[in-house]
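As a plain string of letters, each chain reads:
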Amino acid sequence: MNVMDIEYPETEEEVARIVAGANAAGLTIEVRGGGTKLTFGRPVQSASTLSLARLTGITNYDPSELVMAARAGTPLAEIEAALAANNQMLTFEPIDYRPLLGATGEPSIGGVFAANNSGPRRILAGAARDSLLGVRFVNGTGEIVKSGGRVMKNVTGLDLVKLLAGSWGTLGVLSEVIFKVLPKPETAVSIVVSGLNDAQAAEAMAAAMAMSVEVSGAAHLPESVIHKVAGGRLTGGPVTILRLEGLTPSVEVRTTRLVAEMSRRGNVTVLDQAASHDLWRDIRDVKPFAGASMKPVWRVSVAPSAGHQLVAALRLKTGVDAFYDWQGGLVWLCMEADPEAGLIRQYIKALGGGHATLVRASAAIRASVPVFEPQPRALEALTRRIKDQFDPSGVLNPGRMTETM
Amino acid sequence: MTDLIAFLEPDKAVMARRPAIIADLAGLLPESCLITDERELVPFDTDAFVSYRRMPLAVVLPETTAQVSAVLKYCNDNAIPVIPRGAGTSLSGGAIPQEDAIVIGVSKMNRILEMDFPNRAAVVQAGVTNISISQAVDADGFFYAPDPSSQLACTIGGNIGMNSGGAHCLKYGVTTNNLLGVRMVMFDGSIVDIGGKALDSAGYDLLGLICGSEGQLGIVTEATVRLIAKPEGARPVLFGFDSSETAGACVTDIIGSGIIPVAIEFMDKPAIEICEAFAHAGYPMDVEALLIVEVEGSDAEMDAMLERIIAIARKHGVKTIRESQSALEAALIWKGRKSAFGATGRIADYICMDGTVPLGQLSYVLAKTSEITDRYGLRVANVFHAGDGNMHPLILFDANDPEESRKAEMAGNDILKLCVDAGGCLTGEHGVGIEKRDLMRHQYSDADLGQQMRVRAAFDPKWILNPSKVFPLDGRNGSQPGNQSARKTAA
């Protein structure tokens, strides 16, 4: 595709005009924010591309209200800088897929919400969708629609906000997002427990989450991956990492309690704020599997106690490397060769359910293997009906989530 | 009782078939699950929005998902409206029936099916009360966070229907942030499982859509909810102020300073008097506005947090500060707050508004609220979740006086419009129901509502599920599936 095929609307009305035009002409559109996740999902087959890169700008931000509104194409970096200037942040700690996917460019805030990108703090503070308060979007017929608003609590009508979050541009083109922000924690530390195997780590993380210490990150890195994070400073076997954040006196109290509990399970060290920050950024961005390799990478979401069982079962059948976030419930798998989609999904079902998403693979594999978890028939039909109510002619991102949609 | 709010015209043909319908229902579930006697139907003719009452055709109280499925399929096949019901505590009329409808109540499905502590999840049936989840997991050091004031009675099914909040959702979020999965019966009787013990689910966020859909997308029969480790301790502190404005400014400052307490509740003088007379909670009586700020954690943590909050309150000229000294005192403070609606009900009839406004607009909206109720010659008591801007003005009136009842409803509508115009919304946690249905166009454009209604139709093609609620009765045709052509033409 050449550059001429990309349209760069600068207003919501222009977006609406472009989509309405495509809809009338029976054409399809690939919707793009910063373009850093283009190789995530199925390859889109479209006549043209609509980039939101020029629909930018923070439209409303009063730090004392803990709410920000921004046009969808606003770079995430600009959002985070504006928040940092007021000592605030996005609570859901959005993952940056660039290292893993080898992508360049700047992620946009619209893209973050369209993909529901969350990070380690999700276990305490919720996902991107939990922070999203309101959206404006253009549906597949070119209508401008709003849902939600800029207040913290809102049950007025159907919550289309949640539906749009994580819909990968298949239901509407986000034009503006309004989201909750929070003060940055005054301090953060990480408690590192060494030497636990995957099963012991799952138990330790569950025990930590059962304590009233507000763990804001719970990850386990097997020995095979520790040299890939935090500049290779972690050594000597697997590590289980628990993060505490908040007011300094409170973090001190909680650190003491958590260290006492974890010391019964393994050797414990405490990382200060700076070291903790680097380590969690690397976990968030799947650094262990980043690089030039195109080995298939899966993102698996299961019940926290099922994560290590899945990996143990897979190891008996195939070559796989893995690490865990979200108390063990978010499993990142790097396959030695074949993506093994069928095997992975069969084991997930057997372990009580969840889903697997093929995050990285060659375009050929992504076109032939279902990238997103196939749904049971009734839900698949419902999904189809919902899509039809937003985008009846299938203008937006055809094929991105499933082959037929 | 007033008649400002219309219901859909009941289908006379359905009503005429009542004996046959009852006979059919009797074939679908045990006799003990079917209520048809006129006197026994009375408790189901309204919910906590008592100004409106409609007698249903019949009530069924299924014991299993399969029974819900059978009844719903039957109703869909025969185009009989269905009103899902939890405990009937809706403040917006979400569970009020209509004359041609079958009420499907989930109250008999009240078992906790599983408590899974390693995965911090509980699987419960929809008729389980909100409080019973926390009670069941308490000994193991957990709780379920959303805590609507009606938590002793309200069901988790109703909470999901309305996306219920509560005083403590400032820190822990509302139902949608604490729900992991549901088992739901669809319009045609098919049973779907959405989500589970994993933190997110595949495909579109159907769970987020279902939460707060007011029983219009299906009937939830089971839920998987997130459990949270119980804090070591919690301490509510009372802060008394000379004016609502300074109390409001103090709230904004606390939040803006980076401290998020578990709860910040606001009461104005009328509310303080009503609640104190009922609960004897020891609220200060010589102040114009009261904040209940609750912090939690270990003693050291609470001390540290309170020190900062108190410093901010002093900056705003706080008049009295009282820390609870014991668990008993803390419980009393919350008893006063949580019984605010009930206590108000002892002295007058009331309707409770639920608009949410941006924090910076709190003082303005409070002042304007008083102007509105003054204009109608009515009294108002304000008691609400200040930390997230969720207002609850209680408009007091005499239900035996039709004129005053109408005035109260009109004042309520004016207040809700005020909330929307101040950048907020019609309802923060009580739902639209019938109460705010006709104000929806004040908040949403036709395109906004049209999109919502089309999504609704994807779940319930014949609009049999709670059909009189949420969406204005006029202007529905263009979005109903019988009229696909209108949409296609517009496209």
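Student: Give me the overall build of chain A: which residues, what numbers.
Tutor: A tally of helices and strands in chain A yields 14 helices and 18 strands. The C-alpha atoms of chain A give a radius of gyration of 21 Å, which matches the 22 Å a tight globule of 405 residues would have. In terms of its C-alpha atoms, chain A occupies a principal-axis envelope of roughly 65 × 50 × 40 Å. By residue count, 62% of the 405 residues in chain A fall in the buried class. In chain A, once contacts between residues fewer than 6 apart in sequence are set aside, the share between residues at least 24 apart is 73%. When the accessible surface of chain A is totalled, it reaches about 13900 Å², and 52% of it is carbon and sulfur. Of the side-chain charges in chain A, 40 are positive and 40 negative, and the distance between the mean point of each set is 3 Å.

Student: Describe the overall build of chain B, with residues and values.
Tutor: For chain B, the count of helices and strands is 18 helices and 18 strands. By the compact-globule yardstick of 23 Å for 491 residues, chain B fits well, its C-alpha radius of gyration being 23 Å. The principal-axis extent of the C-alpha atoms belonging to chain B is close to 65 × 55 × 50 Å. Residues counted as buried form 63% of the 491 residues belonging to chain B.

Student: Would you mind going over the domain arrangement of chain B in detail, with residue names and values included?
Tutor: We note that the domain assignment places domain 1 (12-105), domain 2 (112-229), domain 3 (233-340), domain 4 (348-438) and domain 5 (444-490) within chain B. Placing a centre on the C-alpha atoms of domain 1 of chain B and another on those of domain 3 of chain B gives a separation of 43 Å.

Student: Describe helix H4 (residues 65-77) of chain B, and please don't skip the residues or the numbers.
Tutor: When the terminal C-alpha atoms of H4(B) are compared, their 18 Å separation across 13 residues agrees well with the 18 Å that a helix rising 1.5 Å per residue should span. Positive phi shows up at B:Ala79, right after H4(B), with a value of about 55°.

Student: Can you tell me about the sheet that holds strand S9 (residues 191-195) of chain B, naming the residues and giving the values?
Tutor: What holds strands together in a sheet is hydrogen bonding between their backbones, with the strands either parallel or antiparallel. Residue and element names in this part refer to chain B. Read from one edge of the open sheet, 5 strands run S5-S6-S10-S8-S9, paired in antiparallel fashion. Each edge of the open sheet is held by one strand with a lone partner, namely strand S5 (112-116) and S9. Each neighbouring strand pair of the sheet contributes to a mean axis angle of 10°, computed without reference to strand direction. Docked against the sheet, helix H5 (residues 130-138) engages S5, strand S6 (121-125) and strand S10 (219-226), running at close to 45° with respect to S5.

Student: Which residues make up the nonpolar core, and what values go with them?
Tutor: Across soluble globular proteins, you tend to see nonpolar side chains buried next to one another. Counting residues in hydrophobic clusters, the biggest one holds 226 residues, and the most contacted among them are A:Phe179, A:Leu221, A:Trp332, A:Leu333, A:Ile386 and B:Phe459. Every residue in contact with B:Phe459, bar those within four places of it in the chain, is listed here: A:Leu382, A:Ile386, B:Met184, B:Met186, B:Phe187, B:Leu206, B:Leu209 and B:Leu217.

Student: I'd like a description of the interface of chain B and chain A, backed by residues and values.
Tutor: Opposite the 89 residues of chain B that make contact, chain A presents 75 residues. Across the chain B to chain A interface the summed buried area is about 6500 Å²; carbon plus sulfur atoms make up 57%. The interface formed by chain B and chain A holds 9 salt bridges in total. The partner of A:Arg257 in a salt bridge is B:Glu232, and the shortest N-O contact between them spans 2.8 Å. Taken together, the connections running from chain B to chain A amount to 32 residue pairs in polar contact (both at pLDDT 80 or more). Only helix H7 (169-172), S9, helix H8 (206-210), helix H9 (244-256), helix H11 (299-315), helix H16 (440-443), helix H17 (446-459) and helix H18 (484-490) of chain B provide two or more residues apiece to the side of chain B that touches chain A. The greatest single-element share of the side of chain B that touches chain A, amounting to 9 residues, is contributed by H17(B). Taken together, the residues of the side of chain B that touches chain A break down into 40 nonpolar, 29 polar and 20 charged.

Student: Talk me through the domain arrangement of chain A; I want residue IDs and the actual numbers.
Tutor: All names here are of chain A. One can read the domain layout of chain A as domain 1 (1-184 + 375-405), domain 2 (187-284) and domain 3 (287-373). Computed over C-alpha atoms only, the centres of domain 2 and domain 3 are separated by 23 Å. With 18 residues of domain 2 in contact, the opposing surface of domain 3 contributes 14 residues. Both faces considered, domain 2 and domain 3 share a buried interface measuring about 1400 Å² in area, 56% of it formed by carbon and sulfur atoms. The tally of links between domain 2 and domain 3 comes to 2 salt bridges. Connecting domain 2 to domain 3 are 8 residue pairs in polar contact (both at pLDDT 80 or more). Of all elements in the fold, only helix H8 (198-209), strand S12 (215-221) and helix H10 (273-284) reach the threshold of two or more residues within the side of domain 2 that touches domain 3.

Student: Break down helix H2 (residues 76-84) of chain A for me, with residues and values.
Tutor: Residue and element names in this part refer to chain A. Of all the residues in H2, the buried ones are Leu76, Ile79, Ala82 and Leu83. Along the axis of H2, the buried residues cluster in a sector spanning 130°; they form a single face. Buried positions along H2 lie against strand S4 (58-62), strand S5 (67-71), strand S6 (88-89), helix H4 (109-114) and strand S9 (172-180).

Student: Give a detailed account of the pattern of salt bridges, specifying residues and quantitative values.
Tutor: With the rule as written, the count across this model stands at 55 salt bridges over all chains. We note a salt bridge from A:Arg129 to B:Asp205, for which the minimum N-O separation is 2.7 Å. A residue pair is termed interchain when its members come from two chains, as with A:Arg129 in helix H6 (residues 128-131) and B:Asp205 in the loop between S9 and H8. B:Asp205 shares its class with A:Arg129; the two are buried. Here A:Asp159 and A:Lys162 are joined by a salt bridge, their closest N and O atoms 3.1 Å apart.

Student: Go over the packing of H9(B) against H11(B) with me, naming the residues and quoting the values.
Tutor: Residue and element names in this part refer to chain B. Running from N to C, H9 and H11 cross one another at 145°; their axes reach a closest spacing of 9 Å. In this structure, the crossing between H9 and H11 has a hand that is right-handed. Of the residues in H11, those touching H9 at Cys250, Asp253 and Ile254 are Ile309, Ile312, Ala313 and Lys315. Grouping the constituent residues of the contact of H9 with H11 by class yields 5 nonpolar, no polar and 2 charged.

Student: Mind laying out the sheet that holds strand S16 (residues 349-352) of chain B, listing which residues take part and the relevant values?
Tutor: All names here are of chain B. Read from one edge of the open sheet, 7 strands run S15-S12-S14-S13-S17-S18-S16, paired in antiparallel fashion. With one partner strand each, in any of the chains shown, strand S15 (320-323) and S16 form the two edges of the open sheet. In this sheet, neighbouring strand axes are inclined to one another by 20° on average, regardless of whether the strands run parallel or antiparallel. Lying over the sheet, helix H15 (residues 402-421) contacts S16 and strand S18 (393-397), oriented at roughly 165° with respect to S18.

Conventions and cut-offs
- Residues numbered from 1 in each chain as written.
- Chains lettered and ligands numbered in written order.
- Predicted model: local features only at pLDDT ≥ 70, side-chain atom pairs only at ≥ 80, totals over all residues.
- Heavy atoms only, no water.
- Helix = DSSP H or I, 4+ residues; strand = E, 2+ residues; numbered from the N terminus.
- Rg over C-alpha atoms; globule rule 2.2 N^0.38 Å.
- Buried < 20%, exposed > 50% of the residue type's maximum accessible area, 1.4 Å probe, protein only.
- Contact = heavy atoms within 4.5 Å.
- Areas by Shrake-Rupley, 256 points an atom, 1.4 Å probe, with all protein chains shown as cover.
- Lys, Arg positive; Asp, Glu negative; His and termini not counted.
- Charge placed at Lys NZ, Arg CZ, Asp CG, Glu CD.
- Domains from an automatic or database assignment.
- Expected span 1.5 Å × (residues − 1).
- Pairing = 2+ DSSP bridges.
- Axes fitted to C-alpha atoms, helices over the stretch in contact; angles between N-to-C directions.
- Core = buried A, V, L, I, M, F, W, Y, C linked by side-chain atoms within 4.5 Å.
- Buried area = accessible area lost by both parts, 1.4 Å probe.
- Salt bridge = Lys/Arg side-chain N within 4 Å of Asp/Glu carboxyl O.
- Polar contact = N/O pair within 3.5 Å; in protein donor to acceptor, adjacent residues only side chain to side chain.
- Nonpolar A, V, L, I, M, F, W, Y, C, P; charged D, E, K, R; others polar.
- Arc of directions from axis to C-beta.
- Left-handed = near helix turned anticlockwise from the far one by under 90°.

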